[in-house]
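Structural characterization, general
Read off the chains here:
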Amino acid sequence: MNLSEHFLDTRKHTQSICKPLTIEDHVVQVAIFASPAKWHLAHTTWFFETFILKVHSPTYKEFHKDFNFLFNSYYNNAGDRVFRADRGNMTRPGVEEVYNYRKYVDESMLQLSSENKDETLKELITLGIHHEQQHQELLLTDIKYMLGHNPLFPVYDADTSLLENEENKESGFHSVKEGVYEIGFKETGFSYDNELGVHKVYLHDFEINKALVTNEEFIQFMEDGGYSNFNFWLDEGWSWVEANKINAPLYWHKIKGEWHHFTLAGLQKVAPKSIVKHISFYEAAAFAEWKGMRLPTEFEWEVAAEKLNWGKRWEWTNSAYLPYPNFSKVEGAIGEYNGKFMINQMVLRGASIATSPNHSRKTYRNFFSTDARWQFTGIRLAK
């Protein structure tokens, strides 16, 4: 697949995620952290328009003078922007106009790529493709959050190929000997800047579970007073539990004495053997404490990754999101992509069932705040 085909394939996949939605579904913003589908469609288009077409195409004419303000996310170097909490207030432009915006930019991008073979341009287009793939997962999880907070629990797609009741295929522990190991991206192809800076770390002997924590195991934690015993919790986590009255994973509801959970295929009974999901770092750390074990560091996870069956859940690690040695940001707005978020975030490794194809690797460093639960997050234990 050449770069133009990869671009078009990515753009089509984003729109396919929105195919089951109504027009009204495109606009709703249920929480500050969950953006409307319409905004994702427009923002990923804005990225190509702003950082590629406006810079590299002398003949390009901006689609709409207000779109830079409406669909910029957090790039201060790119100008003013709408407050994140107000994304759901934008009933205008309409959904149809946003799809027209995507078509207009796609046509301009294809023309530019056919005329300009500059390596810098290719690198930017590749970054834009991976940026859109990130948003594809966010789009899907934001849709689930919206529908999961609708009192009718509407089905996104009854025939979705995105299964949510996966079971572990392995059990037991994988042992890793103490030693010095290389960490970071050292292959060919694309990576984000936060994966660069290959460096050595010393690890002690450790064991890491080949299986992720299941619903059945997490229910045992719950029934043993997991959400009511402060001894299992970090202080911030306990405050979070009390302030938000948390007593189960996100989307779980007890109906007639049985646990159910909302899935993209609707409300279903919780399957005991399935891998637990939508867990915050606080919950993951509390479960590990209850189990008498711990979360792996991101370095332990990366070293063990070749021996693990990963990719069903984003896996919380016990590592803060910090720069690798020799990390550097490029100048301008693109430099704001990762570096400025290296505070108050924890690293997750792996991928999830919602991660777009060809958008995962063992060095990938995802990151979220400690209370985030709306992604397909899970738990792998170490000792």
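Structural data are supplied above this passage.
Reading guide: rules and limits
- Residues numbered from 1 in each chain as written.
- Predicted model: local features only at pLDDT ≥ 70, side-chain atom pairs only at ≥ 80, totals over all residues.
- Heavy atoms only, no water.
- Helix = DSSP H or I, 4+ residues; strand = E, 2+ residues; numbered from the N terminus.
- Rg over C-alpha atoms; globule rule 2.2 N^0.38 Å.
- Buried < 20%, exposed > 50% of the residue type's maximum accessible area, 1.4 Å probe, protein only.
- Contact = heavy atoms within 4.5 Å.
- Lys, Arg positive; Asp, Glu negative; His and termini not counted.
- Charge placed at Lys NZ, Arg CZ, Asp CG, Glu CD.
- Pairing = 2+ DSSP bridges.
- Expected span 1.5 Å × (residues − 1).
- Arc of directions from axis to C-beta.
- Polar contact = N/O pair within 3.5 Å; in protein donor to acceptor, adjacent residues only side chain to side chain.
- Salt bridge = Lys/Arg side-chain N within 4 Å of Asp/Glu carboxyl O.

Here's the deal with the overall build of the chain
- Each helix and strand in the chain was counted, giving 9 helices and 11 strands.
- Relative to the compact-globule value of 21 Å for 383 residues, the chain shows a C-alpha radius of gyration of 21 Å, a close match.
- Overall, the C-alpha framework of the chain stretches about 65 × 55 × 35 Å when taken along its three principal axes.
- Within the span of the chain, comprising 383 residues, buried residues form 54% of the whole.
- Within the chain, contacts between residues separated by at least 24 positions form 77% of all contacts whose residues are at least 6 apart in sequence.
- Averaging the locations of the 41 positively and 51 negatively charged side chains of the chain gives two centres separated by 2 Å.

So, the sheet that holds strand 11 (residues 377-378)
- Ordered by their spatial adjacency, 4 strands build an open sheet running 10-9-8-11, and the pairing between neighbours is mixed. In the strand order of this sheet, the two ends are held by strand 10 (366-368) and strand 11, each with one partner.
- With 4 bridges connecting them, strand 8 (residues 314-320) and strand 9 (residues 346-350) associate as antiparallel partners. Residue pairing across strands places Glu315 opposite Arg349, the latter belonging to strand 9.

Re helix 1 (residues 3-18)
- Between its terminal C-alpha atoms helix 1 stretches 24 Å, which fits the 22 Å expected from 16 residues at 1.5 Å a residue.
- Taken together, the buried positions of helix 1 are Phe7, Thr10, Arg11, Thr14, Ile17 and Cys18. With its buried residues spanning 120 degrees around the axis, helix 1 presents them on a single face.
- Those residues of helix 1 that are buried are in contact with helix 2 (37-56), helix 4 (95-115) and helix 5 (119-148).
- Where helix 1 begins, the capping side chain belongs to Asn2, and its oxygen is found 3.2 Å from the backbone nitrogen of Ser4.

Some remarks on the pairing of strand 5 (residues 252-255)
- Bridging between strand 5 and strand 6 (residues 258-263) involves 4 bridges; their strand directions are antiparallel. The residue of strand 6 that forms the bridge with Trp252 is His261.

Overview of the pattern of salt bridges
- Under the counting rule described, the total for this entry stands at 21 salt bridges.
- Two residues, Arg349 and Glu298, come together in a salt bridge whose shortest N-O distance is 2.7 Å. Residue Arg349 is located in strand 9, and its partner Glu298 is located in helix 9 (residues 298-304); the two are separated by 51 residues in the primary sequence.
- Relative accessible area serves as the criterion here: at 0%, Arg349 is assigned to the buried category.

Considering the side chain of Lys144
- Of note, Lys144 is situated in helix 5.
- Here Lys144 falls in the buried class, since its relative accessible area comes to 1%.
- Filtering out sequence-adjacent residues up to four positions away, Lys144 remains in contact with Glu164, Tyr251, Phe262, Thr263, Leu264, Lys277, His278 and Phe376.

Spatial relationships are all this shows, so hold off on functional conclusions.
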